[in-house]
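Fold and geometry: a report
What follows is each chain in one-letter form.
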Amino acid sequence: MPLTKIAEFDVKKLEILSPEGKADEKLMPRLSKKDIAEMYRLMVLSRAFDEKAIALQRQGRLGTYVPQLGQEASIIGPAYALSKKDWLVPSFRETGAMIAHGCSVEMMMRYWAGDERGSLMPKGARVLPVAIPVSTQLPHAAGIAWGMKKLKERSAVMAYFGDGGTSPGDFHEAMNLAGVFRLPVVFVCQNNHYAISLPVERQTASKTIAQKAIGYGIQGVQVDGNDIFAAYSAAKKALEDAKNGIPTLIECLTYRMGDHTTSDDSKRYRDEKEVKEWAKKDPVARLEKYMADRKMLNAALKEKIIKKCRAIIEKAVGDVESSPPDAEDIFRYTYAEMDESLKEQAEGFRRRV
Ligand SMILES: Cc1ncc(C[n+]2csc(CCOP(=O)(O)OP(=O)(O)O)c2C)c(N)n1
């Protein structure tokens, strides 16, 4: 049976910084040179974190790691728009966003090393721990937003997830709740085109993810997710709207340049040609071109920033490896209180060690 013709509607796509590093000045958000330099530093730091974490994992010194490569603009851009009072609710690919919103490099490295202290937020950091189960963080985000609204706090919640994260019911429940109660929440979907090996076309039949917002009565906008200015600008506006009772779903169109995780081999399911095409749209390289044109960056300064970021990461690795976790934490923190079966397992573990 043929499908009934679906009414046409527009989904706006925001693009400010071209792959060649040229910005549309009319659309440029208000950002100081210092802000732009800091956004760049955070992107470089994320890339350096990836580099080190993957190397450590290959040496057996780190657990499974989720790389950010290629998605730095859609990870850092929205998070940079948060104010201190706003909440960040990450998924698992947002190490850089968590650092941008108050987590230390050391604790993030601890997290990926399997140390429970990596989920212990610094005082005042409004960040939830990494959520590995896909989309389970979204109802939490809506719940926090509801709490903020009830407390009459002028703060908003920003929740990240991937294109695959739009399929579980949790996504629907969170979006629906946000629309019905006009919650101060911004949903940031990083559409990196794959959920592990599953391409986005097999995930959803809708042309865009942004348009899903329409069905929930909230705002939907699509941005070039490799363009840090577009990602920042859309998020800045969405956070302001959220505080006035208008939630937004932002779809960042981006691409995962690396493997899904260190346990994946993306060569088995995607074409190298596709990866090469996306490499031309690299989010870090295009910001570098923009900054170089404005004399904000040159080869020597770039080298200096990379070196500094690597030094921060090396120091964090040293700190993590010199204070390993108590292996029994795995039993202690699964539930608020250990049940009988966990107590038994912990006892068995103690006898074996
Ligand atoms: C509830 C649940 N089911 C399955 C998995 C296994 N899994 C881990 S990541 C992933 C795909 C997620 O894809 P997407 O949401 O697009 O995010 P991306 O990894 O591309 O950033 C799946 C199925 C999981 N973590 N949680």
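Treat the numbers as computed from the prediction; the structure is a model and nothing was measured. (Residues numbered from 1 in each chain as written. Predicted model: local features only at pLDDT ≥ 70, side-chain atom pairs only at ≥ 80, totals over all residues. Heavy atoms only, no water.)

Side note on the overall build of the chain
Within the chain one finds 12 helices and eight strands. By the compact-globule yardstick of 20 Å for 353 residues, the chain fits well, its C-alpha radius of gyration being 21 Å. For the chain, the spread of C-alpha atoms along the principal axes amounts to about 65 × 55 × 45 Å. Out of the 353 residues belonging to the chain, those deemed buried represent 50%. Accessible area of the chain: about 17700 Å², with a carbon and sulfur share of 55%. Between the averaged position of the 54 positive side-chain charges in the chain and that of its 48 negative side-chain charges there is a distance of 5 Å. (Helix = DSSP H or I, 4+ residues; strand = E, 2+ residues; numbered from the N terminus. Rg over C-alpha atoms; globule rule 2.2 N^0.38 Å. Buried < 20%, exposed > 50% of the residue type's maximum accessible area, 1.4 Å probe, protein only. Areas by Shrake-Rupley, 256 points an atom, 1.4 Å probe, with all protein chains shown as cover. Lys, Arg positive; Asp, Glu negative; His and termini not counted. Charge placed at Lys NZ, Arg CZ, Asp CG, Glu CD.)

Quick notes on the pattern of salt bridges
Any two side chains of opposite charge can pair, on the condition that their charged atoms come close. Counted according to the given criterion, the structure contains 28 salt bridges. Of the charged contacts in the structure, one is a salt bridge between Glu-38 and Arg-41, with a shortest N-O distance of 2.9 Å. Here Glu-38 and its partner Arg-41 are both found in helix H1 (residues 33-58), three residues apart, which amounts to about one turn of the helix. The class for Glu-38 is partly exposed, based on a relative accessible area of 25%. In this structure, Arg-47 and Glu-72 form a salt bridge, with 2.8 Å as the shortest nitrogen-oxygen distance. Placement of the pair is Arg-47 in helix H1 and Glu-72 in helix H2 (residues 72-80), with a sequence separation of 25 residues. A residue is classified by how much of its surface remains accessible, and Arg-47, at 21% relative accessible area, is partly exposed. Ionic contacts of the salt-bridge type, sharing partners, join the residues Glu-106, Arg-110, Asp-115 and Arg-117 into one network. (Salt bridge = Lys/Arg side-chain N within 4 Å of Asp/Glu carboxyl O.)

Things to note about the domain arrangement of the chain
What the domain assignment lists for the chain is domain 1 (13-322) and domain 2 (326-353). Of note, the centres of domain 1 and domain 2, computed from C-alpha atoms alone, are 34 Å apart. (Domains from an automatic or database assignment.)

Focus on unusual backbone geometry
Among all residues except glycine, the phi angle is most often negative; among peptide bonds, the trans geometry is most common. Even without being a glycine, His-193 presents a positive backbone phi close to 75 degrees. For Lys-295, which is not glycine, the phi dihedral falls at a positive 55 degrees. Here Lys-295 shows up in the loop between helix H9 (283-293) and helix H10 (299-322). Under the relative-accessibility criterion, Lys-295 is labelled exposed at 76%.

Concerning the pairing of strand S4 (residues 185-191)
With respect to burial, S4 is a largely interior element, seven of its seven residues being buried. What you see with S4 is no split at all: Val-185, Phe-187, Cys-189 and Asn-191 on one side and Val-186, Val-188 and Gln-190 on the other are buried throughout. Remark: the strand S3 (residues 157-162)/helix H6 (residues 169-180)/S4 crossover connection has right-handed handedness. Summarising the sheet, S4 and strand S8 (residues 248-253) pair through six bridges and their orientation is parallel. (Right-handed = clockwise from strand over helix to strand, strands pointing away. Pairing = 2+ DSSP bridges.)

Looking at the site of the ligand
Close to the ligand lie 14 residues, the nearest being Arg-93, Gly-164, Gly-165, Asn-192 and Tyr-194. Within the side chain of Asp-163, an N or O atom sits 3.2 Å from an oxygen atom of the ligand. Expressed as a share of its isolated accessible area of 580 Å², the protein-covered part of the ligand is 68%. Its residues assigned to classes, the shell around the ligand comprises seven nonpolar, five polar and two charged. (Near = heavy atom within 4 Å. Polar contact = N/O pair within 3.5 Å; in protein donor to acceptor, adjacent residues only side chain to side chain. Nonpolar A, V, L, I, M, F, W, Y, C, P; charged D, E, K, R; others polar.)

Comments concerning the environment of Gly-348
Locating Gly-348 in the fold gives a position in helix H12 (residues 340-352). Residue Gly-348 is classed as buried on the basis of its relative accessible area of 14%. Once the C-alpha coordinates of Gly-348 and Pro-19 are considered, the two residues, 329 residues apart in sequence, prove to be 57 Å apart.

Digging into the packing of helix H4 (residues 105-112) against H10
With their axes 9 Å apart at the nearest point, H4 and H10 run at an angle of 55 degrees to one another. Of the possible angle classes, the one that applies to H4 and H10 is oblique. Here the hand of the crossing between H4 and H10 comes out right-handed. Across the interface between the two elements, Val-105, Glu-106, Met-109 and Arg-110 from H4 touch Ile-312, Ile-313, Ala-316, Val-317, Asp-319 and Val-320 from H10. Residues of the contact of H4 with H10, tallied by class, amount to seven nonpolar, no polar and three charged. (Axes fitted to C-alpha atoms, helices over the stretch in contact; angles between N-to-C directions. Parallel < 35°, antiparallel > 145°, perpendicular 65-115°, else oblique. Left-handed = near helix turned anticlockwise from the far one by under 90°. Contact = heavy atoms within 4.5 Å.)

Some remarks on the sheet that holds strand S1 (residues 13-14)
The strand order S1-S7-S8-S4-S3-S2 describes an open sheet built from six strands, whose pairing is parallel. Where the open sheet ends on each side, the last strands, each with one partner, are S1 and strand S2 (87-89). Seen against the sheet, helix H7 (residues 228-243) touches S1, S3, S4, strand S7 (219-224) and S8 and runs at an angle of roughly 165 degrees to S7.

Overview of the side chain of Gln-190
Position of Gln-190 relative to the elements: it lies in strand S4. Side chain to side chain, Gln-190 and Ser-74 meet in a polar contact 3.0 Å long. Setting aside residues no more than four positions away along its own chain, Gln-190 makes contact with Gln-71, Ser-74, Ile-75, Arg-93, Glu-94, Tyr-160, Phe-161, Gly-162, Asp-163, Cys-252 and Thr-254.

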